[in-house]
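Tertiary structure, described
For reference, the chains in residue letters:
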Amino acid sequence: RRELARLGRVDVVSDVFRISSTGSFGTLNSLRLGRLPGVSVDWAEINAALGQVALLLVAVARESGARFSSHALLPMGSYSKAYKLDEPRALYELHGSGSPHLGRIFGSSRFDKGLTMLLACASDLLAFAGARPRAGVAPAPPHPIEA
C-alpha cells in the first residue's frame with residue numbers, strides 16, 4: 001500500500017521531460033531547441049528536441065483531457081510531423097536539415113508550417129490550462145506564444 005501511495009505521488013511528466021535552459025537555449029531533456037548566430041547546433045539535436053516537444057504536448061493533452069482545436073501532432077522522435085485536423089493526409093515536418101529548398105524561396109517551407117502547427121497546439125494547451133487554474137501554478141507562461 002505504501003508503494004502504491006508513493007507511486008501515486010510520482011509526477012511522470014516531470015520525470016520523463018526535463019525542461020530547462022542552457023545559456024540562451026531552452027532545453028528539453030538536455031536537447032537544445034534552436035540556433036543562434038555564432039552558436040552552431042546540429043540539426044539532429046534540434047530535430048530530437050522538437051520530437052520531444054511534440055511528445056510532451058501530446059502526453060499532457062491526453063493526460064489532461066485537452067483537445068487541439070485545429071491541428072494534431074504525430075510524435076515520431078526526430079522525424080515528428082504535424083497536420084491540420086481537416087486535412088489529415090497533408091503532413092508537415094517538425095524536422096529540418098538546414099538545406100535551403102524551393103519552398104523557402106517562395107516564403108514558407110513545410111517545416112515552417114509544421115512549426116506553426118506545433119505552436120498552435122502549445123497555445124491550445126495553454127488556453128486549456130489557463131481556464132483551469134491550480135493553486136501554485138501561474139495562469140500563463142512567462143513569455144507569450146505566437147503561432
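Refer to the structure printed above.
What comes next concerns the included structure.

Examining the packing of helix 3 (residues 43-64) against helix 5 (residues 110-130)
Between helix 3 and helix 5, the shortest axis-to-axis distance is 11 Å and the interhelical angle comes to 35°. Taken as a pair, helix 3 and helix 5 cross one another with a handedness that is left-handed. The segment helix 3 lies against helix 5, with Trp43, Leu50, Val53, Ala54, Leu57, Val60, Ala61 and Ser64 engaging Phe111, Leu115, Leu118, Ala122, Leu125 and Phe128. Looking at the contact of helix 3 with helix 5 residue by residue, the class counts come to 13 nonpolar, 1 polar and no charged.

Description of the environment of Gly65
Its location among the elements puts Gly65 in the loop between helix 3 and strand 4 (71-74). Accessibility expressed as a relative area gives 47% for Gly65, which makes it partly exposed. Between the C-alpha atom of Gly65 and that of Phe128, which follows or precedes it by 63 residues, the distance is 9.2 Å.

Examining the sheet that holds strand 4
Remark on secondary structure: sheet strands pair via backbone hydrogen bonds, oriented parallel or antiparallel. Judged by pairing direction, the sheet is antiparallel, and its 3 strands sit side by side in the order 4-5-6 without closing on themselves. At either margin of the open sheet sits one strand with a lone partner, and together these are strand 4 and strand 6 (87-93). Across the sheet, the mean angle from the axis of one strand to that of its neighbour is 30°, orientation sign disregarded. Looking at chain direction, strand 4 and strand 5 (residues 81-84) are connected through 4 bridges and run antiparallel. Residue Ala72 lies in a different strand from strand 5, and its bridge partner there is Tyr83.

Concerning the pairing of strand 1 (residues 19-22)
Two elements, strand 1 and strand 2 (residues 25-28), share 4 bridges in a ladder whose sense is antiparallel. From the neighbouring strand, Ser21 faces strand 2, where its bridge partner is Gly26. The turn joining strand 1 and strand 2, which pair antiparallel and follow one another in sequence, is formed by 2 residues; a positive phi near 60° is taken by Gly23.

As for helix 3
Compared with an ideal rise of 1.5 Å per residue, which puts 22 residues at 32 Å, helix 3 spans 31 Å between its outermost C-alpha atoms and is within 8% of the ideal. After helix 3 finishes, the residue Gly65 shows a positive phi value of roughly 85°.

Description of the pattern of salt bridges
Across all of its chains, the model carries 2 salt bridges by this definition. Across the pair Glu93 and Arg110 runs a salt bridge whose closest N-O atoms are separated by 3.4 Å. Taken together, the residues Glu93 in strand 6 and Arg110 in helix 5 connect sequence positions 17 residues apart.

What to know about helix 5
Spanning 21 residues, helix 5 covers 30 Å between terminal C-alpha atoms, matching the ideal 30 Å at 1.5 Å per step. For helix 5, every residue scored as buried is listed here: Phe111, Gly114, Met117, Leu118, Ala120, Cys121, Ala122, Leu125 and Phe128. The inward-facing, buried residues of helix 5 contact helix 3, strand 4, strand 5 and strand 6.

The rules behind the values
- Residues numbered from 1 in each chain as written.
- Predicted model: local features only at pLDDT ≥ 70, side-chain atom pairs only at ≥ 80, totals over all residues.
- Heavy atoms only, no water.
- Axes fitted to C-alpha atoms, helices over the stretch in contact; angles between N-to-C directions.
- Helix = DSSP H or I, 4+ residues; strand = E, 2+ residues; numbered from the N terminus.
- Left-handed = near helix turned anticlockwise from the far one by under 90°.
- Contact = heavy atoms within 4.5 Å.
- Nonpolar A, V, L, I, M, F, W, Y, C, P; charged D, E, K, R; others polar.
- Buried < 20%, exposed > 50% of the residue type's maximum accessible area, 1.4 Å probe, protein only.
- Pairing = 2+ DSSP bridges.
- Expected span 1.5 Å × (residues − 1).
- Salt bridge = Lys/Arg side-chain N within 4 Å of Asp/Glu carboxyl O.

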